Each structure stands twice: as structure tokens, then as C-alpha cells.
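Single-letter residue listing:
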Amino acid sequence: MPEPVTPVTFPPAFLWGAATSAYQIEGAVREDGRTPSIWDTFSHTPGKTAGGQTGDVAVDHYHRYRDDVALMADLGLNAYRFSVSWSRVQPTGRGPAVQVGLDFYRRLVDELLAHGIKPAVTLYHWDLPQELEDAGGWPERDTALRFAEYAQIVGEALGDRVENWITLNEPWCSAFLGYGSGVHAPGRTEPAATLRAAHHLNLAHGLGATALRSVMPARNQVAVSLNSSVVRPLSQEPADLAAARRIDDLANGVFHGPMLHGAYPESLLAATAQLTDWSYVRDGDLDTIHVPLDALGLNYYTPALVSAASERLTGPRADGHGASEHSPWPGADDVLFHQTPGERTEMGWTIDPSGLHELIMRYTREAPGLPLYITENGAAYDDKPDADGQVHDPERIAYLHGHLAAVRRAITDGADVRGYYLWSLMDNFEWAYGYDKRFGAVYVDYATLERTPKSSARWYSGAARTGVLPAVETA
Ligand code: IFM
């Protein structure tokens with residue numbers, strides 16, 4: 001159903017934010033005691049990222065954070081979601097914190113608050129300290145225990161001034177792309193380790209949430225951000241429905257099962273039984289993971305369309321998660337991914353705001369009463385400045401309008417969505433794709449690091465200032 005084009009008005013307390021993550025924007029990777037994370041190692045390994053690009057400098061936010069906060073304030077944003085670099089505050093992933101590392105985040109938070117911008121801190125956005133990967137990484141239980149210690153350190157440092165907390169960002173990517181297809185750091189391709197990693201990420205979430213609460217004021221909200229997929233079957237044939245169910249378990253149920261319901265889906269355990277016996281799920285783990293949440297973060301870009309294949313598939317999948325000979329979907333070697341029809345962004349991802357509405361309504365049913373935030377949504381385009389130095393990105397404006405209208409429609413339909421964080425505030429390091437995929441509302445000239453708000457930033461600013469979506473020009 002096309003989204004409405006007439007004025008769309010949001011509730012007065014709605015958060016209008018933008019999101020980023022540490023490795024994608026900070027740079028300064030060797031400063032103030034920071035040690036390498038798995039993304040430093042991965043991006044410096046030949047052949048792992050486009051053109052060998054790294055986050056060494058990124059957009060130098062570590063030194064330019066004051067300007068970046070001023071930019072957000074100029075745009076009228078009232079919320080900002082960023083992540084903390086674990087390697088900056090606890091360089092070996094264990095032991096005492098480095099105060100100078102924490103001080104950077106204290107200064108950033110103070111700057112945000114001084115400009116009336118509500119910070120939301122993500123503790124883990126994929127950048128595990130390399131020493132912890134050397135000790136086995138997320139497939140090892142100890143990594144979850146280390147995460148709890150780190151969560152407590154950051155909670156103690158910032159809990160007095162930050163109310164909104166997110167334990168993990170998109171644990172699916174950490175586990176399934178990091179240890180399954182290997183297109184993300186640490187680049188391992190081990191199906192059984194993928195599922196072990198998923199469990200220990202879940203455990204880290206539960207332990208981390210509890211650690212945060214032990215040191216923070218009770219008013220603070222603890223959440224997790226899931227890139228839950230909207231998985232659609234190609235047909236209503238039983239085999240295609242079963243294929244969609246399998247991918248739904250691997251994309252969604254593996255995380256929301258234990259987090260929201262205290263159990264892994266039986267169908268997931270059955271489908272992966274050839275690969276793992278799940279014996280690393282110890283007594284008490286599911287209770288730990290099933291810690292009550294104060295909110296749920298949903299990240300949405302595009303839906304998935306799948307069908308059953310008549311035979312076992314090998315080689316790259318067209319599932320939108322990068323090219324690898326290794327599937328990120330353990331136990332689903334007979335599921336085919338299809339390109340959904342419609343216009344696509346520069347990532348090749350089909351634009352479908354109805355998927356965001358569907359996702360929000362699903363979690364409204366899956367977690368009744370839990371406030372929801374859209375913690376990421378946005379689009380990459382091949383943006384370039386015009387002769388006048390301005391960057392016009394009408395496609396991004398249309399994307400944002402369509403998706404925000406879908407959010408509003410979900411609110412009308414009974415969903416409790418409290419805020420929206422555009423991905424991303426500014427162009428940045430798009431992981432294995434390097435710097436060519438520009439997701440920012442603010443254009444970054446990578447030669448000078450100069451920031452220029454795109455026309456979408458001004459459009460979004462209008463929405464943030466008024467709570468009403470500005471009209472979209474149609475060609
Ligand atoms: O850039 C990423 C972000 O780090 C996590 N979610 C998806 C974005 C776009 O790919």
C-alpha cells in the first residue's frame with residue numbers, strides 16, 4: 001500500500017534522532033591508549049574491504065565531535081545514538097578502564113546535553129577488542145562475561161547523564177556475518193561457531209543489562225537493537241512457507257526467542273541439530289537472557305523474499321549481506337533468496353516502507369507493552385555536490401518520508417513507537433563496502449573532511465522541528 005502524501009504528524013514527545021557507530025566515524029584509532037579491535041585487524045587485512053579502506057581516520061569525529069554536535073543542534077535534532085568503542089575504554093577487553101577513553105564519551109555526552117540533544121549509548125556495535133577475539137571471540141562464553149564487566153564500567157561512567165542504553169547493535173551481524181559468511185570481522189566461516197556466537201551475544205546482552213542496572217539510576221532505559229528481518233515467502237506453498245520460517249528463526253527467533261520469551265524456538269533447534277547440540281546453553285542462561293527490557297530498538301532497511309530450493313545450494317547468496325562463498329545461514333542450505341521487486345538504493349536493497357510497518361506491528365504483538373524505537377533506518381545513494389557545492393538527494397528524502405509515514409501508520413495502528421534515529425548522521429565507513437556507500441544526511445568530503453548537510457538533512461530538520469513530515473516534491 002503506498003504511504004500517504006498528505007501531512008503526517010507525530011506525537012509531541014517523539015524523538016527525532018540520528019545514529020552512528022564508533023568505528024564508522026571516530027578515527028583516531030591509535031590515540032589515548034586505544035588498541036585494535038577486530039575491525040582494525042579485518043580492515044587492514046588485504047582483500048577484506050573495498051579498496052583496502054579502513055576506519056583509521058574515518059570522519060575524524062574523535063577530534064570534531066563538538067562541530068558534529070553543533071551540526072545536529074543546527075538541524076534541530078533532539079536525540080543522538082552513538083556507540084562506545086570498547087577498545088578505547090578497556091583496551092584489552094578486560095581489567096581496569098582507561099579514564100582518558102571514558103573522558104571522550106563524557107565530553108561528548110556533556111556537549112549533547114548542553115545542546116538539548118538526548119544521548120542514546122550503544123555499548124557494542126561490532127568492534128570487539130582484538131585480544132578477546134584472540135582468546136576465541138564471541139563463540140567463547142568468557143567474552144559474554146567480559147562484556148558484562150565493560151557494561152558496568154561504561155554504566156558507572158555515564159549512567160548519571162545518559163538515560164537511553166542499548167546493549168548490542170544487530171547481534172545478527174556480529175554472529176552470522178562475522179563467524180558465518182565472514183564478510184564482517186573477524187572474518188571466520190564456521191557454521192557451528194556462528195550459533196555459539198549468537199548464544200554468547202544473547203548472554204552478553206542479559207549479563208550486560210543486569211550489570212548496567214546494578215550501577216545506574218532506575219529511571220534509565222535498557223534496550224537492545226535488533227536488525228530483525230521481515231521475511232516473506234515467495235509463495236504460499238508449504239515448502240516456501242517452511243523456508244521463510246527457517247530464515248525467520250535464524251534472523252529473528254535466535255535473538256528475540258530468548259530475549260523476549262526465554263527460549264530458543266524449537267524449530268531453530270531442530271533445523272540446526274546437524275551442526276550443533278546447543279550444549280553451551282547452560283542452566284540459567286535463558287533466565288539471564290530473558291531479563292526484562294525497558295524498550296526494544298528495531299533497525300530496518302529492506303525485507304527478504306525466500307523460497308525453498310530443490311537441492312542444497314553452495315556459493316554466494318543474493319541475500320543483500322555481501323558476497324561470500326560461505327552462507328551466513330547455517331542449516332538453511334536449501335533456501336533461495338530472491339530480489340524483491342521495486343526500486344533499490346545504492347546497496348541494492350529494495351525500498352519497501354510497508355516492511356517497516358509490518359516489523360513494528362510484529363513486535364507490538366511479540367512484546368506487548370514494550371516501547372519501540374526505530375534505532376536505524378536510512379538509505380545509501382551516490383551523492384555528489386552540485387556545481388553550487390550543495391548536495392541534492394531527493395531519493396533519500398522520498399525514502400525517509402515513506403518510512404517515517406510507515407512509522408506513523410504503525411502508531412495509528414496501536415504501536416508504541418517513541419523515536420526514530422536516521423542512519424546515518426553523516427557519511428561514514430560502511431564496513432566491507434568502505435566509504436563509497438554514503439548513508440549520511442550530511443555529506444562528508446573525504447579529502448577535507450568538510451561536512452555539508454544534504455537536502456535530506458534540511459528536510460529531516462523540518463520534520464524534527466515541527467513534528468510534521470514536510471511535503472515531498474514529486475517529479
Ligand atoms: O552501517 C550499518 C550500521 O553499522 C549497522 N546497520 C546497517 C547500517 C547500513 O548497512
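See the structure above.
Worth saying up front: this structure is predicted, and the values here are computed from it rather than measured.

## A short note on the overall build of the protein
Move 1: Per the secondary structure count, the protein includes 15 helices and 13 strands.
Move 2: For 475 residues, the compact-globule formula gives about 23 Å, and the C-alpha radius of gyration of the protein, at 21 Å, lands near that figure.
Move 3: Overall, the C-alpha framework of the protein stretches about 60 × 55 × 45 Å when taken along its three principal axes.
Move 4: For the protein, the residues scored as buried account for 61% of the 475 residues in total.
Move 5: A total of about 17300 Å² of accessible surface is found on the protein, and carbon and sulfur atoms cover 52% of it.
Move 6: With 38 positive and 60 negative side-chain charges, the protein shows a separation of 3 Å between the mean positions of the two kinds.

## A closer look at the packing of aromatic side chains
Move 1: Across all of its chains, the model carries 35 aromatic pairs by this definition.
Move 2: Both rings, one in Trp86 and one in Tyr150, keep their centres 4.6 Å apart while their planes meet at 10°; by these two values the pair is stacked. Taken as a pair, Trp86 in helix α4 (residues 86-89) and Tyr150 in helix α7 (residues 141-158) lie far apart in primary sequence, 64 residues in all. The exposure classification of Trp86 matches that of Tyr150, with both residues buried.
Move 3: An aromatic cluster of three or more residues is present, and its members are Tyr23, Trp39, Phe42, Trp126, Phe429, Trp431, Tyr435 and Tyr446.
Move 4: Above the face of the Tyr62 ring, Arg88 is positioned so that its terminal group lies 4.1 Å from the ring centre.

## Concerning the nonpolar core
Move 1: Of all hydrophobic cores here, the largest spans 155 residues; its most connected members are Trp138, Phe147, Ile360 and Val407.
Move 2: Among residues more than four places away in sequence, those in contact with Phe147 are Trp86, Leu123, Tyr124, Trp138, Thr167, Leu168, Ala204 and Gly208.

## Considering the pairing of strand β5 (residues 221-226)
Move 1: With six of six residues buried, β5 is to be regarded as a mostly interior element.
Move 2: Burial of β5 is two-sided: the residues Gln221, Ala223 and Ser225 facing one way and the residues Val222, Val224 and Leu226 facing the other way are all buried.
Move 3: The pairing of strand β4 (residues 164-169) with β5 spans four bridges and is classified as parallel. Each residue of the ladder has a partner; that of Trp165, found in β5, is Val222.
Move 4: Note: β5 against strand β7 (residues 296-299), two bridges, orientation parallel. For Ser225, the partnering residue across the bridge sits in β7 and is Gly297.

## Details of the environment of Tyr23
Move 1: By the element assignment, Tyr23 lies in helix α1 (residues 22-25).
Move 2: Here Tyr23 falls in the buried class, since its relative accessible area comes to 2%.
Move 3: In this view, Tyr23 contacts Val29, Arg34, Trp39, Asp40, Ser43, Thr54, Gly55, Asp56, Ala58, Asp127, Phe429 and Trp431; residues no more than four positions away in its chain are not counted.
Move 4: A polar atom in the side chain of Tyr23 sits 2.9 Å from the side chain of Ser43.

## Re unusual backbone geometry
Trans peptide bonds make up the majority, and among non-glycine residues the majority have a negative phi.
Move 1: Here Ala185 and Pro186 are connected by a cis peptide whose omega angle stands at 10°.
Move 2: By the secondary structure assignment, Pro186 is in the loop between α8 (171-181) and α9 (191-215).
Move 3: Residue Trp423 is joined to Ser424 through a cis peptide bond whose omega torsion reads 10°.
Move 4: Checked against the element boundaries, Ser424 lands in the loop between β11 (417-423) and β12 (442-444).
Move 5: Even without glycine at this site, Ala28 takes up a positive phi of about 50°.
Move 6: Its location among the elements puts Ala28 in the loop between α1 and α2 (38-43).

## So, the sheet that holds strand β9 (residues 335-338)
Move 1: Strand order in the open sheet formed by three strands is β6-β8-β9, and the pairing between neighbours is mixed. Of all the strands in the sheet, the pair left with one neighbour each is β6 (231-233) and β9. Adjacent strand axes in the sheet meet at a mean angle of 40°, parallel and antiparallel pairs treated alike.
Move 2: Pairing geometry for strand β8 (residues 304-308) and β9, over four bridges, is antiparallel. Across the sheet, Val306 pairs through a bridge with Phe337, a residue of β9.

How each quantity is defined
Residues numbered from 1 in each chain as written. Predicted model: local features only at pLDDT ≥ 70, side-chain atom pairs only at ≥ 80, totals over all residues. Heavy atoms only, no water. Helix = DSSP H or I, 4+ residues; strand = E, 2+ residues; numbered from the N terminus. Rg over C-alpha atoms; globule rule 2.2 N^0.38 Å. Buried < 20%, exposed > 50% of the residue type's maximum accessible area, 1.4 Å probe, protein only. Areas by Shrake-Rupley, 256 points an atom, 1.4 Å probe, with all protein chains shown as cover. Lys, Arg positive; Asp, Glu negative; His and termini not counted. Charge placed at Lys NZ, Arg CZ, Asp CG, Glu CD. Phe/Tyr/Trp six-rings, centres within 6.5 Å; stacked < 30°, edge-to-face > 60°. Lys NZ or Arg CZ within 6 Å of the ring centre and 35° of its normal. Core = buried A, V, L, I, M, F, W, Y, C linked by side-chain atoms within 4.5 Å. Contact = heavy atoms within 4.5 Å. Pairing = 2+ DSSP bridges. Polar contact = N/O pair within 3.5 Å; in protein donor to acceptor, adjacent residues only side chain to side chain. Axes fitted to C-alpha atoms, helices over the stretch in contact; angles between N-to-C directions.

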